[in-house]
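So the chains spell out like this:
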2 protein chains.
Amino acid sequence: MPRNRPYAGLPAREVALIGRLTQQRANVLKALMAVEGFVGAQALHSRMADDGSPVGLTTVYRTLNAFADAGRADVVRDDNGERLFRYRPGPDHRHYLVCTACGLSMPVDSGPVEDWVEKTARTSGFANVRHTVELAGLCPDCTQEQAPAR
Amino acid sequence: MPRNRPYAGLPAREVALIGRLTQQRANVLKALMAVEGFVGAQALHSRMADDGSPVGLTTVYRTLNAFADAGRADVVRDDNGERLFRYRPGPDHRHYLVCTACGLSMPVDSGPVEDWVEKTARTSGFANVRHTVELAGLCPDCTQEQAPAR
DNA sequence: GTTGAAGTGATAATCATTTTCATCTAGCTT
DNA sequence: AAGCTAGATGAAAATGATTATCACTTCAAC
């Protein structure tokens, strides 16, 4: 393993966003990018340990937060208040339908909401309007697994 | 103070929703209804203590959760992950534009979002889709106070 | 290579929320 | 009116995610 290319394989634009280049951060980012949907910091931490890239939980939190601050990750909260992160390849603003059971996330066409938000902000007299839109439910697979079980 | 009418002054329809009628619950509900915008459980708890209606923090949490479960309170999460509650007079589902500076909340016409959510849920194959829509910004008053200040 | 600022991570601290559990009470039943 | 008991209360402890500490390590500029 190349000792001095910790960020090998990562998109170049990600590197500049989070400060110094270290092996740990590279691993956290790779792990985050490898996940399909949203992941919690703890889940990512133990997943990395299982994959042979153990990193301190503190570092996972720090890197994830830095990445979210840089706008390269979406953050949602699940019902327990836990923050879930998701890698965002592009700079575009998206909304997702997240499965509460398996974490699978499906991008949804949020055009209508964006329009509504924009119009509402304009007519309200409020400045600097930010919006949070979260959809959560049971994905088809998890619905099947659950229904016959009872 | 009437010892045997703890729910005096509360809308009758609220009574049936939360089980047994106790002085403490009545006080929590009255306190919640007296608040303009959203309140956290802790804030409500200390506000009640200041007002001379001390109630255990546990009971505040329990009552607030029961009320939210019954659909009579809206719940949002602030940036710290704290849950904020707001009394909802009618049974209708509303969304609000909340001022980040003063907490003022203004109901917005959420019809378009509801439609969009419903359509998205229907076409996604997901079951049991819940949605969270939060708008936050600076209300006109706070905008004025802030702009000239710098 | 030296050096200093930045990063790491085990551990402890925080903080909102939930559990526990011994005690109390609303609101029937007799 | 007294008794009964499931439901309610609340102080204290537990939980669980996240953040702060701090001694130690490492990146990367010189």
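Since the model is a prediction, treat every value here as computed from it, not as a measurement. (Residues numbered from 1 in each chain as written. Chains lettered and ligands numbered in written order. Predicted model: local features only at pLDDT ≥ 70, side-chain atom pairs only at ≥ 80, totals over all residues. Heavy atoms only, no water.)

**Focus: the relation of the copies chain B and chain A**
As a reminder of what qualifies: Least squares is the method used to superpose the copies, on C-alpha atoms of residues holding a pLDDT of at least 70 in both. By definition, residues are in contact when any of their heavy atoms lie within 4.5 Å.
In screw terms, the move from chain B to chain A is a rotation of 179° and a rise of 0.1 Å along the axis, fitting with an RMSD of 1.1 Å. Such a turn and shift between the copies fits a two-fold axis. Within chain B, Val133 of chain B has its C-alpha nearest the rotation axis, a separation of 2.4 Å. Comparing contact sets, 100% of the residues at the interface of chain B also lie at the interface in chain A, consistent with an isologous, same-surface contact.

**Looking at the pairing of strand β4 (residues 95–99) of chain A**
Residues and elements named next belong to chain A. So the rule is basically this: Think of it in three bands: with a 1.4 Å probe and only protein chains considered, a residue is buried below 20% of the maximum accessible area for its type, exposed above 50%, and partly exposed in between. For the purposes of this entry, the term helix denotes a DSSP run of H or I that reaches at least four residues, the term strand denotes a run of E that reaches at least two, and both are numbered from the N terminus. The criterion for strand pairing is that DSSP finds at least two bridges linking the strands in question.
Within β4, 5 of the 5 residues are buried, leaving the element largely enclosed by the surrounding structure. The alternating pattern of β4 places His95, Leu97 and Cys99 and Tyr96 and Val98 on opposite faces, both of which are buried. Here 4 bridges tie β4 to strand β5 (residues 105–108), and the two strands are oriented antiparallel to one another. Across the sheet, residue Tyr96 finds its bridge partner in β5, namely Pro107. Where β4 folds back onto β5 in an antiparallel hairpin, the turn is made up of 5 residues, including Gly103, whose phi is positive at roughly 85°.

**Some words on the pairing of strand β6 (residues 127–138) of chain B**
Here strand β6 (residues 127–138) of chain A runs beside β6 of chain B; their pairing, made up of 9 bridges, is antiparallel. In the strand pairing of β6 of chain B, Glu134 of chain A is matched with Thr132 of chain B. Across 3 bridges, the pairing between strand β4 (residues 95–99) of chain B and β6 of chain B is parallel. Bridge pairing links Leu97 of chain B to Leu135 of chain B in β6 of chain B.

**Some words on the protein's contact with DNA strand C**
Stated formally: One heavy atom within 4 Å of a molecule or strand makes the whole residue count as near it. Distance and chemistry together define a polar contact, namely a pair of N or O atoms within 3.5 Å, with one atom able to donate a hydrogen and the other to accept it when in protein, and with adjacent residues in sequence counting only for side-chain atoms on both sides. In the scheme used here, Gly and all other residues not listed as nonpolar or charged are polar, with Ala, Val, Leu, Ile, Met, Phe, Trp, Tyr, Cys and Pro taken as nonpolar and Asp, Glu, Lys and Arg as charged.
Taken together, 17 residues sit near DNA strand C, with Arg20, Thr22 and Arg62 of chain A together with Tyr61 and Arg83 of chain B positioned nearest. Arg20 of chain A is positioned with one of its side-chain polar atoms (N or O) 2.7 Å from a sugar or linking oxygen of DNA strand C. Side-chain polar atom of Arg20 of chain B to a base oxygen of DNA strand C: 3.1 Å apart, as the coordinates give it. Taken together, the elements giving at least two residues each to the surface near DNA strand C come down to α2 (23–34) and α4 (57–69) of chain A together with α4 (57–69) of chain B. Of the residues that constitute the surface near DNA strand C, the class distribution is 3 nonpolar, 8 polar and 6 charged.

**Section: the sheet that holds β4 of chain A**
Which entries qualify depends on this criterion: Note on geometry: axes are C-alpha line fits, over the in-contact stretch for helices, and angles between N-to-C directions span 0 to 180 degrees.
Spatially, the 6 strands line up as an open sheet ordered β5(A)-β4(A)-β6(A)-β6(B)-β4(B)-β5(B), and their pairing is mixed. The open sheet is flanked by β5 of chain A together with β5 (105–108) of chain B, the only strands paired with a single partner. Averaged over neighbouring strand pairs, the angle between their axes works out to 25° when direction is ignored.

**Topic: the confidence of the model for chain A**
The predicted coordinates should not be examined in detail at positions where pLDDT is low. In plain terms, the rule: Note on scores: pLDDT gives the predictor's confidence for each residue, bounded by 0 and 100.
For chain A, the average pLDDT comes to 82, and 82% of its residues sit at 70 or higher. Averaged pLDDT values over the elements of chain A bottom out at 60 in helix α1 (residues 12–15) of chain A and peak at 96 in helix α3 (residues 41–50) of chain A.

**With respect to the protein's contact with DNA strand D**
In the neighbourhood of DNA strand D, 18 residues make up the surrounding shell, with Arg83 of chain A together with Arg20, Thr22, Thr59 and Arg62 of chain B lying closest. Gln24 of chain B places a side-chain nitrogen or oxygen 3.2 Å from a sugar or linking oxygen of DNA strand D. Take Arg25 of chain B: an N or O atom from its side chain is 2.9 Å from a phosphate oxygen of DNA strand D. Mapped by element, the contributors of at least two residues to the surface near DNA strand D are α4 of chain A together with α2 (23–34) and α4 of chain B.

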